[in-house]
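Results of the structural survey
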There are 2 protein chains.
Amino acid sequence: MDRRQRQEPACKTETQWAVAVGRGGGGRRPGQPLAAGTCPSPTALLAGRQERFLLGNLQAHNQPASSRQVPQAGAQPGARKPRPTPAGMCSVPVPQAPLRRVAVTGGTHGNELSGVYLARHWLRDPRELRRPSFSATPVLANPAAAAACRRYVDRDLNRTFTDTLLVSRATPNDPHELTRARELDQLLGPKASGSDRAFDFVLDLHNTTANMGTCLLVDGAHNTFALHLSRHLQLQFPEVPCQVLLTRPPQSARESFSLDSVAKNGMTVELGPQPQGVLRADIFSRMRALVASALDFMELFNQGAAFPAFEMEVYRNLGGEDFPRTQDGDLAGMVHPQLQDRDYEPLQPGAPIFQKFSGEDVLYEGDSTVYPVFINEAAYYEKHVAFLRTEKLMISVPPLPPLSPTPTQVL
Amino acid sequence: MDRRQRQEPACKTETQWAVAVGRGGGGRRPGQPLAAGTCPSPTALLAGRQERFLLGNLQAHNQPASSRQVPQAGAQPGARKPRPTPAGMCSVPVPQAPLRRVAVTGGTHGNELSGVYLARHWLRDPRELRRPSFSATPVLANPAAAAACRRYVDRDLNRTFTDTLLVSRATPNDPHELTRARELDQLLGPKASGSDRAFDFVLDLHNTTANMGTCLLVDGAHNTFALHLSRHLQLQFPEVPCQVLLTRPPQSARESFSLDSVAKNGMTVELGPQPQGVLRADIFSRMRALVASALDFMELFNQGAAFPAFEMEVYRNLGGEDFPRTQDGDLAGMVHPQLQDRDYEPLQPGAPIFQKFSGEDVLYEGDSTVYPVFINEAAYYEKHVAFLRTEKLMISVPPLPPLSPTPTQVL
């Protein structure tokens, strides 16, 4: 599994912006278009900073009632109409030209086998990745880790794509994954320069041991193109729950570190539950179909399709919760049976989250309901994360404008 | 996960013998005592070799009908009354004295976390392992692998307990697990000498990624004590399917290699499905309860309880089935969705077992119905095993005689 964070790029355009409009599930089905007249006005969209502005209010609601700030009129959680926001913050720019350079990467973690074997298959036979306007490039991101069927050899590759690491001087003793990150940065980026040479989109394929079904990891609500792609996938696979997780915690200033951050844009597909080192046919087939549908969406975009605004239910990462531990740092307990496998379900304060080996329950001490994800993900034990807390939001995603002056309306 | 094979010991007694009486499920519930009069006669039990004698007939039924031998009267599959058998083959001797030296080993594979964390917990607080007549010793079998959360560091520890390896001369370049195997052999054995110093019983704790529920791995139908222990566990946990797998393939001459083979007797508890590197509370609790119940059984035996004969349904290992592979040895496909998670269910010739990445199905080409287990076990990819074929048998297990002249009848 992986969660990813995108570095906010140098501001090139503020014409597109995803606008958070409320917490919790709304009455509208995720992915359903907004009714006429509810689409954020161009003025609001141009204003920028909506997300960060609203976050202050959302976080206030995670504090005890006595200490909460009074939300400003119109900005309270549940408000569905976006308001003008402070200007100056920029989004991931939507593509202004057809996507020609697209990569599908598997095996960024060598024991997440759906992506490993899809990449290997496509490297032998890439026909599935061809579309009329482009051919996606398959990449086995960490062949050494895949050969060893381990997440990584020396360090987590998908935490290695920071500018700091990528531009550091190479030495003979560099960890394997740092060397490989530089190679991938050269192949798919480079990230640091903001060069036009970078790939237009990287779709990175992961598995999780958590019971997360299909989860689409997008860096933030500002990534309009990735959210439209996510919505397309939700509509294409209505029979399978397909959730969107915004990976960047609120007000995080952390530099992006994931593989897809080297390209102009990207997204992670995370499928589970699947044990590390196991290839399940059902999950393999679902991932294959999701990739095909993602490429179809890009082809539609390249052909000049327009995509209208819509509202979408998303989960936003609030940070990790560690296991109970002994004084020497070892586990003192495990995920509670009442929490196990209940990804995306509400967790109320006071509910049990861990069961200690001594038999004692550990209760959730947060102030408000959260929606845990990546519950009991194998790869996170070493990162001291038993699950991620998220908040559930409804966001408004602005239209994705067509590339040509005479777009084809597809939705 | 692990499957184990026990070296047949030097013949000390032939007074106990498990007698195979037929293939497939019988009308009697597994673990149910034989009706009066159906218990194998002392004559039959003393005769020995019943299992190997019957195997010839069972194997004949795995051949095409045209080439089958005609079963001898009374020995055909489904016959429920044991017959006199050739003499000379010996069983694992049943204990002639109370079990005083019992070990419970976890972390023989470092990423099978139920046993790892049970062992670590008991090393801190061993009270659960105490009984009036003995205290079981907790052992973290491969601490280095557990610390790395890997199956092993250099080689599979649970394939390293052969006489050949254990008595080989130590060198500074020995694999980590060979050094550790020698240490464990000194602690729990030694195996080679047949010394009285060896532990009386080793209960080795494993997990599998396969959908196997509770599986008790016993080396063969000759291991009367382990089969009585297995039956006790089945009766104690009637709500959870609890199967017995005889691990030694028919007519195998392979030397035993598993950890518990260093002791006088032993058994492996295998619980799943659980991903490698994940600790599930439900499986942890079940393993803990199974160990407690196993120790209770040993206490009953030590206190002089007698255990009557019974019939039992078991699965016997017939060998592994590899994945379809490319010319260079890589996977060309995966376990078929129709087979995935269907451990212990009948697999008919002609049924799909693999789905190739090209989309083509691979059908089972065996001659007769088998019962796959360890389907899609992560640790077996490197061993070229997608699943183990087994046959389902009903066996008669002779009584376990009491230690004292005035036993307590407990069942």
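Conventions and cut-offs
Residues numbered from 1 in each chain as written. Chains lettered and ligands numbered in written order. Predicted model: local features only at pLDDT ≥ 70, side-chain atom pairs only at ≥ 80, totals over all residues. Heavy atoms only, no water. Contact = heavy atoms within 4.5 Å. Buried area = accessible area lost by both parts, 1.4 Å probe. Salt bridge = Lys/Arg side-chain N within 4 Å of Asp/Glu carboxyl O. Helix = DSSP H or I, 4+ residues; strand = E, 2+ residues; numbered from the N terminus. Buried < 20%, exposed > 50% of the residue type's maximum accessible area, 1.4 Å probe, protein only. Core = buried A, V, L, I, M, F, W, Y, C linked by side-chain atoms within 4.5 Å. Expected span 1.5 Å × (residues − 1). UniProt positions renumbered as here; feature names shortened; annotations may be inferred. Least-squares fit on C-alpha atoms with pLDDT ≥ 70 in both.

Counting residues at the interface gives 31 residues for chain B, matched by 30 residues for chain A. Summing both partners gives a buried area of about 2,600 Å² for chain B against chain A, and 57% of it is carried by carbon and sulfur. Per-residue buried area on chain B facing chain A is highest for Leu279, Met334 and Phe357 of chain B; these three make up 22% of the total on that side. Taken together, chain B and chain A are joined by four salt bridges.

On to unusual backbone geometry. Along the chain, Gly189 of chain B connects to Pro190 of chain B via a cis peptide bond; the corresponding omega equals 5°. Checked against the element boundaries, Pro190 of chain B lands in the loop between α6 (176-188) and β6 (201-207). Here Gly272 of chain B and Pro273 of chain B are connected by a cis peptide whose omega angle stands at 0°. By the secondary structure assignment, Pro273 of chain B is in the loop between β9 (266-272) and α8 (281-302). Even without a glycine there, the phi angle at Cys149 of chain A is positive, about 50°. Along the chain, Cys149 of chain A falls in the loop between α4 (143-148) and α5 (163-166). With a relative accessible area of 33%, Cys149 of chain A lands in the partly exposed category.

By size, the foremost hydrophobic cluster in this structure holds 73 residues, and its most contacted members are Leu205, Met267, Leu279, Leu295 and Met298 of chain B. The residues touching Leu279 of chain B, leaving out its near neighbours within four places in the chain, are Leu331, Met334, Phe357, Asn376 and Tyr381 of chain A together with Leu113, Ser114, Tyr117, Gln274 and Phe284 of chain B. Within the second largest apolar cluster, 72 residues are counted, among which are Ala221, Met267, Met312 and Val397 of chain A.

Residues and elements named next belong to chain A. Taking 1.5 Å per residue as the helical rise, helix α8 (residues 281-302) with its 22 residues ought to reach 32 Å, and the 31 Å between its terminal C-alpha atoms agrees with that figure. Most of α8 is tucked away: 16 of the 22 residues are buried. At the C-terminal side of α8, Gly304 shows a positive phi close to 100°.

The next thing to look at is the UniProt feature "domain: AstE/AspA barrel-sandwich hybrid" (unreviewed entry) in chain A. With numbering matched to this structure, UniProt assigns "domain: AstE/AspA barrel-sandwich hybrid" (unreviewed entry) to residues 311-392 of chain A. Regarding residues 311-392 of chain A, the helix share stands at 0% and the strand share at 34%, and the terminal C-alpha atoms are separated by 13 Å.

This paragraph deals with the relation of the copies chain B and chain A. Rotating chain B by 180° and translating it 0.0 Å along the rotation axis places it on chain A, where the RMSD comes to 0.0 Å. Taken together, the turn and the small shift mark the pair as related by a two-fold rotation axis. No C-alpha of chain B approaches the rotation axis more nearly than that of Pro275 of chain B, which lies at 2.3 Å. Most of the interface of chain B is mirrored in chain A, where 97% of its interface residues again form contacts.

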